[in-house]
Amino acid sequence: MQWIVPLITLLVGTLAGYAIRKAVGEAKIKSAEAEAKRIVDDAIKAAETKKREILLEARDEAGRLREELEREVRERRQELQRIERRLINKEEALDRRQELFSQKEENLARQERALMEKSKALEALHEQALKELERISGLSRDEARERILGEVRDALKEETARLIRDAEAQARDEAEAKARSIISLAIQRCAADHVAENTVSVVELPNDEMKGRIIGREGRNIRALETLTGVDLIIDDTPEAVILSGFDPIRREVARLALERLVSDGRIHPARIEEMVEKAQKEVEALIKQEGEQAALNLGVHGLHPELIKLLGRLRFRTSYGQNVLKHSIEVAQLAATMAAEIGADVAVAKRAGLLHDIGKAVDHEVEGSHVAIGVNLLRRYRESQDVIRAVEAHHGDVEAQSIEAFLVAAADAISAARPGARRETLEMYLKRLEKLEEIANSFEGVDKSYAIQAGREIRIMVKPERIDDLGAVRLARDIVKKIERDIEYPGQIKVVVIRETRAVSYAK
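Nothing here was measured: the structure is a model prediction, and the numbers come from that model.

## A look at the overall build of the protein
When its secondary structure is counted, the protein shows 14 helices and eight strands. Classification of the 509 residues of the protein by burial places 29% in the buried group. For the protein, restricting intrachain contacts to residue pairs at least 6 apart in sequence, the fraction spanning at least 24 positions comes to 60%.

Here it is as C-alpha cells:
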C-alpha cells in the first residue's frame, strides 16, 4: 500500500502536468496563428500598395514613352515629307531636262541631216574639182600624190641633213673645248718633275790608286765584277771615278752598289766581289718590291698580285727615251683617273689600267713580242679584270678601244710622253725617224703618199688603186713591215696601215 499511494500521486501529477502543458501549448499556437495572420494581412496590404505604386509608375512611364514615340514619329513623318517634296522637285527637273534633251536631239538630228546633205554636195564638188585638176595637169590622183610626197621627202632630207651637219659641228666644237679643258685640268693637277735617265752610272773613288785595286792583278778583279754583273766598267782618265756602262739598269744598279761597298771595305778580290754582288742583288730585289708596293699604295690601287707588284718595281729601273717608266706609269694613272672623274667614267678602272699599261716593259727584253702583248698576257695570267686588260691592250691603238677608260688611258699615255722634258729624244732624231719611215714607204712601187703619225708609232700609206689591188695592198703592208724591222731601230712597235681608195668623180655643167 505504501508503494501504491505514491505511484497514484505520481500518475495524477503527470496527468495534471500534461494537461497544463497542453493548455499552454494550445494558447501559444493560437497566439502564433493570430500573429501570423496579422503579418500576412500586413504583407498583403503592403503588396497591394506597392502594386498600385508600380502600376502608377508604369502608367506614367508608358505615357512618357508614348509621347516621345509620337514626337519621333511626327519628326520622321516631316522628314519623309521633305524628302518626298525634294524627290518630286528633282523628278520635275529631270522631266524638264529630258524634254530639253529631246529637243536638242531633234535639232542635232536635223543638223546632221543638213550636214550630210552638204557633205555629199562637197564630195561631189571635190570629185568634180579633182577631175578638173587631173584634166588640167594631165596627172592622175596617185601620180600627183607621189610627186608631192617625193618633193616633201627631198625637202625633209635636205633639212635633216643640214640640221645634222650643224648639230655635229656644234657638238664637235663643244666636245673639243670640253676635252681641252679636261686635259688641261688633269695636267695641272698631276704636274710632276721629269728627270732624264742615263745608261751609265758613276762611282766616286777616294783616290786614283783605287782604280788599280779594282782592276786587280792581270785584270782579274774587273773581269770578275763584269762577269758577275753583266756591266762594263770603264776606267779612264776621269779623276777619282769609275764609269759603269750597261743598258740594263737593274744590273747597273747591282754593280754600283757592289762596287761602292767594295771600295768602302777596301778588300777587293774575286771571292769578296762575288759576296758583295750577291748582297747587292738581294738589296736591289728588296728595293724593287718596295718601289712597286709604294707606287700602288700612293695611288690607292689595291689587290694587285705580288708578281705584278714586283714587275712594277722593276719599271723603276726601266727607261723609255730617258723617261723613267715607273714614274710615267704613275703619272698616266693620275691623269686617267682625273679625266675619268671629270667625265663620270670608272675612276678605279682608269687608274688601275694607267698604272699597269706598260707592265710588259718590265720583261720585254726577256720575252718575244711587243710590250703591249706581253703586258696583256701577264695581266691575264694574274687574273686582272677584263676592263683593265682591254684598256691596256688598246693604249697604243693596236686594237680598237671598247670603253671610255681605254680612251682615257691612251690619252693619258700620250700626254705624259709628250710633256716637255719628259723624254730626252731630240727633235732632230725624232724628225729623222719620221723621215726614214716615210722614205721606206715611198720606196715601194705603187705608193702615192705616206704619212708617219702617232709620234712615229704608225705610218699610213695611200696607194694608187689602178696599180695595186686589194691583195697587193696586203702584200705591200707585209713588205714594208719587213723593211722597217730590217733598217730602223725603234722602241715598241710601228703600225703600218695601207689604204686603197677608189673614187668616181663627175662634173655637172
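Additional details are given in the paragraphs that follow.
## Here we look at the confidence of the model for the protein
Considering every residue of the protein, the mean pLDDT works out to 81; 89% of them sit at 70 or more. In this model, residues 191–197 is a region of pLDDT below 50 whose contacts with residues beyond four sequence positions or in other chains number 14 contacts.

## Considering the packing of aromatic side chains
Two measures describe an aromatic ring pair: the distance that separates the ring centres and the angle between the ring planes. Per the counting criterion, the structure on display carries zero aromatic pairs. It is Arg 316 that lies over the ring of Phe 317; its NZ or CZ is 5.5 Å from the centre.

## Looking at unusual backbone geometry
Most peptide bonds take the trans configuration, and most residues that are not glycine carry a negative phi. A positive phi is found at Glu 218, a non-glycine position, where the angle reads about 55°. Assignment of secondary structure puts Glu 218 in the loop between helix H3 (209–215) and helix H4 (220–229). Phi angles above zero are rare outside glycine, and Arg 383 is one such case at about 60°. Mapped onto the fold, Arg 383 is located in the loop between helix H10 (371–381) and helix H11 (386–393). Given the relative accessible area of 77%, Arg 383 is considered exposed.

## Describing the side chain of Asp 358
Mapped onto the elements, Asp 358 comes out in the loop between helix H9 (347–356) and H10. Engagement of the side chain of Asp 358 in a polar contact is seen with the side chain of His 328, the distance being 3.5 Å. One polar contact links Asp 358 to His 371, side chain to side chain, over a distance of 3.2 Å. Residues contacting Asp 358, with those up to four places away along its chain left out, are Leu 315, Val 325, His 328, Ser 329, His 371, His 395 and Asp 413.

## Some words on the nonpolar core
Of all hydrophobic cores here, the largest spans 43 residues; its most connected members are Leu 304, Leu 312, Ile 359 and Leu 379. Broken down by element, the residue count for this core peaks at eight residues, all from helix H8 (residues 325–343). Once you skip the residues sitting within four places of it in the chain, Leu 304 turns out to touch Ala 296, Ile 309, Leu 312, Arg 352, Leu 355, Leu 356 and Glu 384. Ranked by size, the runner-up nonpolar core spans 27 residues in total, among them Met 210, Ala 255, Ile 268 and Ala 280.

## Concerning H9
In terms of burial, H9 is a largely internal element, seven of the 10 residues being buried. When we look at burial in H9, the residues that qualify are Val 349, Ala 350, Arg 352, Ala 353, Gly 354, Leu 355 and Leu 356. N-capping of H9 is provided by Asp 346, with a side-chain oxygen placed 3.1 Å from the backbone N of Ala 348.

## With respect to the pattern of salt bridges
Think of it this way: side chains of opposite charge can pair up when their charged atoms draw near. By the definition in use, this model includes 21 salt bridges. Across the salt bridge formed by Asp 387 and Arg 390, the nearest N and O atoms sit 2.7 Å from each other. Taken as a pair, Asp 387 and Arg 390 lie in helix H11 at a separation of three residues, close to a single helical turn. Sharing partners across several salt bridges, the network here consists of Glu 35, Arg 38 and Asp 42.

## Describing the sheet that holds strand S6 (residues 447–453)
The sheet built from three strands is open, its strands ordered S6-S7-S8 with mixed pairing. Looking at the sheet topology across the chains shown, the edges are occupied by S6 and strand S8 (495–500). Sheet twist, expressed as the average angle between the axes of neighbouring strands with direction ignored, equals 20°. Docked against the sheet, helix H14 (residues 470–487) engages S6, strand S7 (458–463) and S8, running at close to 155° with respect to S8.

## Focus on empty space enclosed by the protein
Going through the model one piece at a time under the given rule, you end up with two cavities of 30 Å³ or more. Put simply, the largest cavity is a space of about 60 Å³. In terms of lining, the largest cavity is formed by His 371, His 396, Asp 398, Arg 457, Gln 493, Ile 494 and Lys 495. Within the lining of the largest cavity, the residues separate by chemical class into one nonpolar, three polar and three charged.

## Some words on a negative patch on the surface
A cluster of acidic side chains, namely Glu 91, Glu 92, Asp 95 and Glu 99, defines a negative patch on the protein surface. The exposure class assigned to Glu 92 is partly exposed, which follows from its relative accessible area of 40%.

## Some words on the packing of H9 against H11
Direction vectors running N to C along H9 and H11 enclose 50°, while the axes themselves pass 9 Å from each other. Between H9 and H11, the crossing angle belongs to the class labelled oblique. Classified by chirality, the crossing of H11 by H9 is right-handed. Contacts from Val 349, Arg 352, Ala 353 and Leu 356 in H9 reach Asp 387, Val 388, Ala 391 and Val 392 in H11.

## A short note on a nonpolar patch on the surface
A cluster of nonpolar side chains, Ile 4, Ile 8 and Val 12, forms an exposed patch at the surface whose accessible area comes to about 260 Å². Take Ile 4: it is sitting in helix H1 (residues 4–137). Accessibility expressed as a relative area gives 43% for Ile 4, which makes it partly exposed.

## Quick word on the packing of H10 against H11
Packing of H10 against H11 leaves a shortest axis separation of 9 Å and a crossing angle of 170°. The angle between H10 and H11 places the two elements in the roughly antiparallel class. Along its contact with H10, which presents Val 372, Val 376, Leu 379 and Arg 380, the element H11 presents Val 388, Ile 389, Val 392 and Glu 393. Looking at side-chain class alone, the contact of H10 with H11 contains six nonpolar, no polar and two charged residues.

## Comments concerning the environment of Leu 356
Counting through the fold element by element, Leu 356 comes out in helix H9. C-alpha separation for the pair Leu 356 and Ile 330, spaced 26 residues apart in sequence, amounts to 9.0 Å. Apart from the residues lying within four places of it in its own chain, the contact partners of Leu 356 are Leu 304, Leu 312, Leu 379, Glu 384, Val 388 and Val 392.

Conventions used here
Residues numbered from 1 in each chain as written. Predicted model: local features only at pLDDT ≥ 70, side-chain atom pairs only at ≥ 80, totals over all residues. Heavy atoms only, no water. Helix = DSSP H or I, 4+ residues; strand = E, 2+ residues; numbered from the N terminus. Buried < 20%, exposed > 50% of the residue type's maximum accessible area, 1.4 Å probe, protein only. Contact = heavy atoms within 4.5 Å. pLDDT = per-residue confidence, 0-100. Phe/Tyr/Trp six-rings, centres within 6.5 Å; stacked < 30°, edge-to-face > 60°. Lys NZ or Arg CZ within 6 Å of the ring centre and 35° of its normal. Polar contact = N/O pair within 3.5 Å; in protein donor to acceptor, adjacent residues only side chain to side chain. Core = buried A, V, L, I, M, F, W, Y, C linked by side-chain atoms within 4.5 Å. Salt bridge = Lys/Arg side-chain N within 4 Å of Asp/Glu carboxyl O. Pairing = 2+ DSSP bridges. Axes fitted to C-alpha atoms, helices over the stretch in contact; angles between N-to-C directions. 1 Å grid on protein atoms, 1.4 Å probe; cavity = no way out; pocket = protein on both sides within 12 Å on 5 of 7 lines; lining within 4 Å. Points joined across faces, edges and corners; volume = space filled by probe spheres on them. Nonpolar A, V, L, I, M, F, W, Y, C, P; charged D, E, K, R; others polar. Patch = residues over 30% accessible without salt bridge, like charges linked within 9 Å, V, L, I, M, F, W, Y side chains within 5 Å. Areas by Shrake-Rupley, 256 points an atom, 1.4 Å probe, with all protein chains shown as cover. Lys, Arg positive; Asp, Glu negative; His and termini not counted. Charge placed at Lys NZ, Arg CZ, Asp CG, Glu CD. Parallel < 35°, antiparallel > 145°, perpendicular 65-115°, else oblique. Left-handed = near helix turned anticlockwise from the far one by under 90°.

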